[in-house]
Amino acid sequence: MKKPKVAFFDFACCEGCQLQVANLGEDLLDILDTIDVVEFREVMTEKWDQGYDVAVIEGSITNEHAIEKIKRIRERSKILIAYGSCATIGGVNGMKNDFELNEIEAHVYQENAKHFKTVPTMAVSQVVKVDYFVNGCPIYPPEFITVLKCALAGLPYHVPDNVVCVECKINENICMYDKGVTCLGPVTKAGCNSWCINNGNVCYGCRGMVSNPNENSAKDVLSKYNISLDLIKNKMNMYNKCRELNKNEKDKS
Amino acid sequence: MKKINLNVNVEYLTRVEGHGNIVVNVKEGILEKCELQIVESPRFFEGMLRGRSIFEAQHITSRICGICSCGHTLASIQAAEDALDFTPSPQTIKLRKLLLHYEMLDSHILHIYLLVAPDLLGVKSFVPLIDTHGAVVRRALRMKKTCNDVCDILVGRHVHPISAIVGGFTKLPKEKELDEMLKYLKELRTDMDATIELAKTLVFPSFERDTEYVALVSDDSEYPLLSGDIGSTDGVRMNKKDYKKITNEFIVPHSSAKHTRLSRGSYAVGALARINLNFNKLHPKAKELATLLGFNNKVTNPYLNTAAQLVECVHCLEDSIKIIEELKTTGIDYSEEIVVGLNENKKIPVKAGSGVGAVEVPRGILFHHYEIDDKGIIKNANCIIPTGQNINNIECDMKKLVPEAIDKNKEEKDITLLLEMLVRAYDPCISCSAHFLDVKFVK
Ligand code: SF4
Ligand code: SF4
Ligand code: SF4
């Protein structure tokens, strides 16, 4: 059987998600056995000029050049996977949208700001159709392998739509609210095995908000500690600012 | 230089972190253009930090770079604690040193094996090496994974550490975990020895250009990575607070990426700079290897930065083992475990101030600088990344390399490869450097 052609691309990001892939260690070799990686700029000089069976996209779309490039990749790809918060929800890059573009460009680049234009940070799916999502900043490696396998087999993958608290309780962590600090677990999509809380930190919401926080959030946690949903929704902007772009579009239509 | 024409245009340089182009034009023997252009999409971290709490700075700036996430974390924490006048405990400092060693090992191994070795073995990437050098690739991935695993144990994960924050650690390694890390590291020694043997057989291009090397220096006997003054091989020594006098950022028209210079036209940071300044403080085992590779005298061949990284791998591995053994003897004080979050419990007193962090990360010295108000809100942030400091030096190397290569009758494709290898030798992290610097899109 011919091996599927897989290509990796990166846009505005820290390249941490592709490192997570490299960190799979020898498991990576098993995956490489079943696919044909035709482009992966960070580790390969080779380039490919035909179609891709699967394109794996990291990073956010932040300028016109990137918009054009991601559209071209989409045209050439049968399946497109967005991986990492930068790609799936805009991630930390979205904080830029808290500022006026001209102002933040001038702040960082001063008189040189005019040399280039950026656009508000967008998640990949806000520009082109995305077939599979692997959330997280960085991605949780076991989930990435599952999604890649689903994509290669043509099976659907459903991102869990319950909240981090569910996993956190299974892991028997003491709730951060009991320690007097705010945690975004009650509104954040599960799937990371409550990674940060297991390590004594709080959840920052990197996997994105559950689709309907009024229904799907951990109401027991919220009511037990008397926390308003709005308060923690506000804190979600570190990773989830880009979701507002969808809302604005809806307002317009 | 011979009166020939040469056009080198490497678009989207591969096997480096981030995006850059090499452009060289020689017309009738005259070097008209010799540039390393940065084409990364900027992410505006310094702008985005404004208005955020100083207790979020580590979490956010760690995301500047996946490879140096622990380095950014440590520089960020140091700058924040400096601004808050907070002094970390000796135990915390020890664990931070361990974390920095892990990152150094991880990053250097990735660079040596996956990014540089293919050049030296004459292939385009590590992928064909799976068939021809299967054992080597497996060893590389195994070593990489070990570094990653010990990081997981210490801080939750390597890419964007979880438990290392302002004030200390949210989770301290259990006795069992210390044993586990120690076991992994001791096992790593076998692969490290094999790596050294492999490295001895590799031939690096010969090229010399003397430059000023800059790294942390100190008066004690420890190889300085986490703290110290800023020093140079031209005799400069300054407090980290004066970092701006060192970096002297200036704008050049061609890429308007901010460049840096100190006592002469350019300076270099990174493993080679550190060893040129602190050779004597290396762990004995690392020093032995360094002597064998000729580092006991100042080395001015930039291609040897990769060899210097290998020496540091040995140093960091041996020193990590030493640190863990010490921790096992003294025992860990778990009462130091902290819960901070956004400092909602006011665990750490907040005041207005300004703080600088200067940390040796894999690619060289990294500076973070924050100004905060009396509520701990960031008013201004500045980050100066190693690659930003090296770009100017790389271009100076290129300007000497190209005429020399032409006079040696090298063909265009060989010159192109030499240039790519030169840039790669510096292990540039363009995804880092350009987040704060100006960028020109070259289409
Ligand atoms: S999602 Fe996070 S880890 Fe992944 S590329 Fe973006 S910033 Fe880096
Ligand atoms: S709020 Fe946070 S700490 Fe509490 S249960 Fe939910 S995820 Fe866990
Ligand atoms: S706990 Fe929250 S911030 Fe941490 S990885 Fe999971 S979703 Fe992301």
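All of these numbers come straight from a predicted model, not from anything done at the bench.

## Side note on the overall build of chain A
A count of helical and extended segments in chain A gives 13 helices and five strands. Relative to the compact-globule value of 18 Å for 253 residues, chain A shows a C-alpha radius of gyration of 19 Å, a close match. Taken along its principal axes, the extent of the C-alpha atoms in chain A is 55 × 50 × 35 Å. Counting across all 253 residues of chain A, residues that qualify as buried make up 48%. In chain A, once contacts between residues fewer than 6 apart in sequence are set aside, the share between residues at least 24 apart is 77%.

## Thoughts on helix α3 (residues 69-84) of chain B
Residues and elements named next belong to chain B. For α3, which comprises 16 residues, the first-to-last C-alpha distance of 22 Å matches the rise-based estimate of 22 Å (1.5 Å per residue) to within 8%. Among the 16 residues of α3, 16 are classified as buried, and the element is accordingly described as predominantly covered. Of the residues trailing α3, D85 is marked for its positive phi of about 60°.

## Here we look at the pairing of strand β14 (residues 378-384) of chain B
Relative to β14(B), strand β13 (residues 364-372) of chain B runs antiparallel, the two sharing six bridges. If you follow B:F367 over to β14(B), its bridge partner there is B:I384.

## Focus: the site of ligand 2
Residues and elements named next belong to chain A. Close to ligand 2 lie 16 residues, the nearest being C165, C168, C175, C183 and G185. It is helix α7 (residues 164-170) that provides the largest number of residues to the shell around ligand 2, a total of four residues. For the shell around ligand 2, the class distribution of residues is twelve nonpolar, three polar and one charged.

## Observations concerning the pairing of strand β3 (residues 52-58) of chain A
All names here are of chain A. Counting buried positions along β3 yields six of seven residues, so the element is predominantly enclosed. For β3 and strand β4 (residues 77-83), the ladder comprises six bridges, and the chain directions are parallel. Bridge pairing in β4 links A55 to L80.

## Topic: the site of ligand 3
With respect to spatial proximity, 13 residues lie near ligand 3, and among them A:C192, A:C196, A:C203, A:C206 and A:R207 are the closest. Here the shell around ligand 3 is built from residues that sort into eight nonpolar, four polar and one charged.

## A few points about the sheet that holds strand β12 (residues 353-361) of chain B
Residues and elements named next belong to chain B. Read from one edge of the open sheet, three strands run β12-β13-β14, paired in antiparallel fashion. Single-partner strands in this sheet number two, and they are β12 and β14. The sheet shows a mean angle of 10° between the axes of neighbouring strands, direction not considered. Note: β12 against β13, nine bridges, orientation antiparallel. Bridge pairing links S354 to E371 in β13. Sitting on the sheet, α3 touches β12 and β13, and the angle it makes with β12 is about 150°.

## Thoughts on the sheet that holds strand β11 (residues 267-268) of chain B
All names here are of chain B. Reading across the sheet, the four strands line up as β8-β7-β6-β11 and stay open at both edges, with mixed pairing between neighbours. Only two strands of the sheet have a single partner each, and these edge strands are β8 (237-238) and β11. In the sheet, strand β7 (residues 229-232) pairs with β8 via two bridges, with the strands oriented antiparallel. Bridging across to β8, G231 finds its partner in R237. Relative to the sheet, helix α9 (residues 271-278) contacts β6 (212-217), β7 and β11, its axis offset from that of β6 by approximately 70°.

## Overview of the domain arrangement of chain B
Residues and elements named next belong to chain B. Examined at the domain level, chain B breaks down into domain 1 (1-41 + 394-430 + 437-443) and domain 2 (45-202 + 330-378). With centres defined by C-alpha atoms, the gap from domain 1 to domain 2 works out at 31 Å. Between domain 1 and domain 2, the contact holds six residues from the first and ten residues from the second.

## Here's the deal with the packing of helix α4 (residues 90-120) of chain B against helix α11 (residues 305-330) of chain B
Residue and element names in this part refer to chain B. One way to put it is that α4 packs onto α11 with a least axis distance of 9 Å and a crossing angle of 150°. As the angle between them shows, α4 and α11 are arranged roughly antiparallel. By crossing handedness, the relation of α4 to α11 is classed as left-handed. Residues K94, K97, L98, H101, Y102, M104, L105, H108, I109, H111, I112 and V116 of α4 form the contact with α11, whose participating residues are T306, Q309, L310, E312, C313, C316, L317, D319, S320, I323 and L327. For the contact of α4 with α11, a count of residues per class yields 13 nonpolar, six polar and four charged.

## Here we look at the nonpolar core
If you look at the biggest cluster of nonpolar residues, it comprises 200 residues, and the most contacted ones within it are A:I57, A:I81, A:Y83, B:L99 and B:V311. Considering each element in turn, this core owes the most residues, 15 residues, to α4(B). Once you skip the residues sitting within four places of it in the chain, B:L99 turns out to touch B:C70, B:L74, B:L154, B:V155 and B:A164.

## Quick notes on α4(B)
Between its terminal C-alpha atoms α4(B) stretches 43 Å, which fits the 45 Å expected from 31 residues at 1.5 Å a residue. The element α4(B) is largely enclosed, with a buried count of 24 among its 31 residues.

Cut-offs applied
Residues numbered from 1 in each chain as written. Chains lettered and ligands numbered in written order. Predicted model: local features only at pLDDT ≥ 70, side-chain atom pairs only at ≥ 80, totals over all residues. Helix = DSSP H or I, 4+ residues; strand = E, 2+ residues; numbered from the N terminus. Rg over C-alpha atoms; globule rule 2.2 N^0.38 Å. Buried ≥ 20, exposed ≤ 12 C-beta atoms within 10 Å, placed from the backbone. Contact = placed C-beta atoms within 7 Å. Expected span 1.5 Å × (residues − 1). Pairing = 2+ DSSP bridges. Near = placed C-beta within 6 Å. Nonpolar A, V, L, I, M, F, W, Y, C, P; charged D, E, K, R; others polar. Axes fitted to C-alpha atoms, helices over the stretch in contact; angles between N-to-C directions. Domains from an automatic or database assignment. Parallel < 35°, antiparallel > 145°, perpendicular 65-115°, else oblique. Left-handed = near helix turned anticlockwise from the far one by under 90°. Core = buried A, V, L, I, M, F, W, Y, C linked by C-beta atoms within 7 Å.

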